[in-house]
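Summary of the model geometry
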Amino acid sequence: NPALPAVGRGGKVTLLIPSLSKQSFFGGTATALIIAAKLANKLRMPLRIVETLSPGGKKGLGDFLSANDIHLKDEVEIIDVSARTYDRYGYIDLHPDDIMLASAWWDAKLLSQLPLKNKFIYLIQDYEPIFYANSDEYVLAENTYKTNNFIPVCNTKLVYDFMSSKNYTYIAKNGLWFEPAVSKKHYGISEQNLNKRRIFLYGRRSVARNLFYTAIDALNKVFDSGSLHPGDWEIFMA
């Protein structure tokens, strides 16, 4: 629920994410944190993070931002509203100058219901309806693409083109996109110290949509066929 801001406070860049817990610190969350923090620096505004599904706290956040060469002037504020229930509300104080961001569809749905002066930024990194069978969740996730109260930012042009092909007219007309990359400088990667090429497979067995067994089958086939020589490659998995 919205609440009044403290007297005298200015606008903040506010990122809604499911959690800052260690097990959540993979692609989508990491990308959202980088974008929000860089935006806070660009606008010279404090960064506020709202955890909506489970608490994680600040542990590791500073190291993560430093590794991506992001240094914030103000301390990051963290709000945990994950414990809200039907009789215990989570409150977020709002200022007219706040810039709000979300990536997960349920967080975008929350922001669409708040009395915001500015459109919120919707970081679209997946086609989230496909995560579900035909269900209420499918409908709720898809409906977040059908409003016009957000600024669509797609993670890759591939995602933008896909959303356009699905006839989400507002996203097609107003969508922005970027191409993510690993920072070789800050992760100590150089072409000279790679004796082998590397394949990084993001395929969790516990998540059906990651197609873990299909990915393993594809790797087996490409090595068995001789298209790639196993001795030239190292495989890492998340």
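To start, this report covers the structure provided alongside it.

Here is what the cut-offs are and how they apply
- Residues numbered from 1 in each chain as written.
- Predicted model: local features only at pLDDT ≥ 70, side-chain atom pairs only at ≥ 80, totals over all residues.
- Heavy atoms only, no water.
- Salt bridge = Lys/Arg side-chain N within 4 Å of Asp/Glu carboxyl O.
- Helix = DSSP H or I, 4+ residues; strand = E, 2+ residues; numbered from the N terminus.
- Buried < 20%, exposed > 50% of the residue type's maximum accessible area, 1.4 Å probe, protein only.
- Pairing = 2+ DSSP bridges.
- Axes fitted to C-alpha atoms, helices over the stretch in contact; angles between N-to-C directions.
- Contact = heavy atoms within 4.5 Å.
- Patch = residues over 30% accessible without salt bridge, like charges linked within 9 Å, V, L, I, M, F, W, Y side chains within 5 Å.
- Areas by Shrake-Rupley, 256 points an atom, 1.4 Å probe, with all protein chains shown as cover.
- Right-handed = clockwise from strand over helix to strand, strands pointing away.

**A closer look at the pattern of salt bridges**
- Counting across every chain of the model gives ten salt bridges.
- When the shortest N-O distance is used, the salt bridge between K12 and E77 registers 2.5 Å. Of this pair, K12 sits in the loop between β1 (2–3) and β2 (13–17) while E77 sits in strand β4 (residues 77–80), placing them 65 residues apart in sequence.
- When the shortest N-O distance is used, the salt bridge between R48 and D98 registers 3.5 Å. Of this pair, R48 sits in strand β3 (residues 47–51) while D98 sits in the loop between β5 (92–93) and β6 (99–102), placing them 50 residues apart in sequence. For the pair formed by R48 and D98, the shared burial category is buried.

**Thoughts on the sheet that holds β6**
- Pairing is parallel across the open sheet formed by seven strands, whose spatial order is β4-β3-β2-β6-β7-β8-β9. With one partner strand each, in any of the chains shown, β4 and β9 (176–178) form the two edges of the open sheet. Neighbour-to-neighbour, the strand axes of the sheet open up by a mean angle of 20°, direction not taken into account.
- Across the face of the sheet, helix α1 (residues 27–43) comes into contact with β2, β3, β6, β7 (120–124), β8 (150–155) and β9 while running at roughly 175° to β2.

**With respect to the pairing of β4**
- In the sheet, β3 pairs with β4 via four bridges, with the strands oriented parallel. Bridge pairing in β4 places R48 opposite E77.

**Some remarks on a nonpolar patch on the surface**
- Together, F26, F200, Y202 and F236 make up an exposed nonpolar region whose accessible area comes to about 410 Å².
- Inspection of the secondary structure puts F200 in strand β10 (residues 197–201).
- Judged by its relative accessible area of 55%, F200 is exposed.

**Some points on unusual backbone geometry**
- Despite not being glycine, D69 has its phi angle at roughly 60°, a positive value.
- For D69, the location among the structural elements is in the loop between α2 (61–67) and β4.
- Given the relative accessible area of 43%, D69 is considered partly exposed.
- Phi at T156 takes a positive value of approximately 95°, unusual for a residue other than glycine.

**Digging into the pairing of β7**
- Judged by how many residues are buried, β7 sits mostly within the fold: five of five residues are covered.
- Of the two faces of β7, the one holding F120, Y122 and I124 and the one holding I121 and L123 are both buried throughout.
- Pairing of β6 with β7, which is carried by two bridges, proceeds in the parallel orientation. Counterpart to L101 in the pairing with β7 is I121.
- The handedness of the β6 to β7 crossover, carried by helix α3 (residues 105–112), is right-handed.
- As paired elements, β7 and β8 share five bridges and run parallel to each other. Following the sheet pairing, L123 is matched in β8 by V153.

On their own, these measurements won't tell you what the molecule is for.
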